[in-house]
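# Structural characterization, general
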Amino acid sequence: MARRGTPGRGKAKAADKAVGPKAKGRRDGGRGSARVEREPVSRPVGGGLAELIPDRERPHGWTLLIDGAPQSHVDLDDPAHLSFAYQRRLGHVIDLAAPPLQPLHVLHLGGGAFTLARYTAATRPRSTQQIVELDAPLVQLVRDHLPLDPQARVRVRTADAREGLGRFPDGWADLVIADVFSGARTPAHLTSAEFLTEVRRVLKPEGRYAANLADGPPLAHLRGQVATAAAVFPELALAADPVVWRGRRFGNAVLLASALPLPVAEFTRRVASDPHPGRVEHGRALTDFTGGAAVVTDAEAKPSPAPPPSVFENP
């Protein structure tokens, strides 16, 4: 688990100071072919120390970390590549939101390295997308070093996620994706029924909401979030790793909600077929999972629980 998910490798060492991208020619494996070795980029941002770490397996791949916690992975050569498990699950949500190649109106609450906006632009050309991200220095870092395709119709607004959501007209979005973390925790005001009521207002009648959630044993936060979503949306599904479902470790879960029936069978098949297979629950089983958890309101809302330090340690 990470603030927004972790790739399948250990955490990279932090850079000591802010540096720009450098390139050095080096012989590769004695075969006489030069390759470019990229250097990490480090810069203070609103959420802490942001680092862009080169992916040694992908010539134009980068991992974004903030205070040592992996946030996003981007491959500039292949924006349809999703490295983190939770992002692949959100990618399935995007794939199943409409017939292939049909453009969408997508609102992203939380920007990171714009990974899912890049994915949508690559897989659904001519989509109209808006990103709401509070951390202006982070947005600038990403723009400077991981620029968006100029042909992608993506607008970035610097604002609090809930404040930005409130500026959208009724029925604007086909899909709202929430992936907002501050200090590895989802802010309290993004966990309530009032917040989800605003989400539903911005969605089209057939639109869908997807959220990256994080929790650990005894999964009280996750149960409360499912109960809260059920108070606003009649159709729900939740995807997570089996060990998270069993309450054995802290991790990510993807919540999917809508006013209309969801493609649960296909979503389940795709999640189960991922490199790190997950499990999807819906219907009565998901209701039973909540265990009678109370609906979260603004008055009682709390941030999601902080992950244990061991989550970000190398194995």
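As a starting point, this report considers the structure included with it. (Residues numbered from 1 in each chain as written. Predicted model: local features only at pLDDT ≥ 70, side-chain atom pairs only at ≥ 80, totals over all residues. Heavy atoms only, no water.)

## Thoughts on the pattern of salt bridges
All told, the structure shown has 15 salt bridges when counted by the stated rule. For Asp144, the salt bridge is made with Arg43, and the minimal N-O distance between the two is 3.2 Å. Of this pair, Asp144 sits in helix α3 (residues 136-145) while Arg43 sits in strand β3 (residues 41-45), placing them 101 residues apart in sequence. Across the pair Asp288 and Arg284 runs a salt bridge, and its minimum N-O distance is 3.0 Å. Here Arg284 and Asp288 lie together in helix α9 (residues 283-290), a separation of four residues that amounts to about one turn. Judged by its relative accessible area of 64%, Arg284 falls in the exposed class. Via salt bridges that share partners, Asp95, Glu266, Arg269 and Arg270 belong to a single interconnected network. (Salt bridge = Lys/Arg side-chain N within 4 Å of Asp/Glu carboxyl O. Helix = DSSP H or I, 4+ residues; strand = E, 2+ residues; numbered from the N terminus. Buried < 20%, exposed > 50% of the residue type's maximum accessible area, 1.4 Å probe, protein only.)

## A few points about the sheet that holds strand β9 (residues 154-158)
With mixed pairing, eight strands are arranged side by side in an open sheet as β9-β8-β7-β10-β11-β13-β12-β14. Only two strands of the sheet have a single neighbouring strand rather than two, namely β9 and β14 (279-282). On average, each strand axis in the sheet is tilted by 15° relative to the strand beside it, whichever way the strands run. Inspection of the sheet shows strand β8 (residues 128-133) paired to β9 by five bridges, in the parallel sense. Across the sheet, the residue bridging to Ile131 is Val156, located in β9. The strands touched by helix α1 (residues 85-95) are β10 (173-178), β11 (203-215), β12 (235-240) and β13 (251-258); relative to β13, the strand with the most contacts, the crossing angle is about 15°. Here helix α2 (residues 115-123) sits on the sheet and contacts β7 (105-109), β8, β9 and β10; the angle it forms with β8, its principal contact strand, is near 180°. (Pairing = 2+ DSSP bridges. Axes fitted to C-alpha atoms, helices over the stretch in contact; angles between N-to-C directions. Contact = heavy atoms within 4.5 Å.)

## Points about the packing of α1 against helix α8 (residues 264-272)
α8 packs onto α1 with a crossing angle of 150° between their chain directions and a minimal axis gap of 10 Å. Seen from above, α1 lies across α8 with right-handed handedness. Together, Arg89, His92, Val93 and Asp95 of α1 and Phe267, Arg270 and Val271 of α8 make up the contact between the two elements. Looking at the contact of α1 with α8, its residues break down into three nonpolar, one polar and three charged. (Left-handed = near helix turned anticlockwise from the far one by under 90°. Nonpolar A, V, L, I, M, F, W, Y, C, P; charged D, E, K, R; others polar.)

Any functional reading would require information that these geometric values do not contain.
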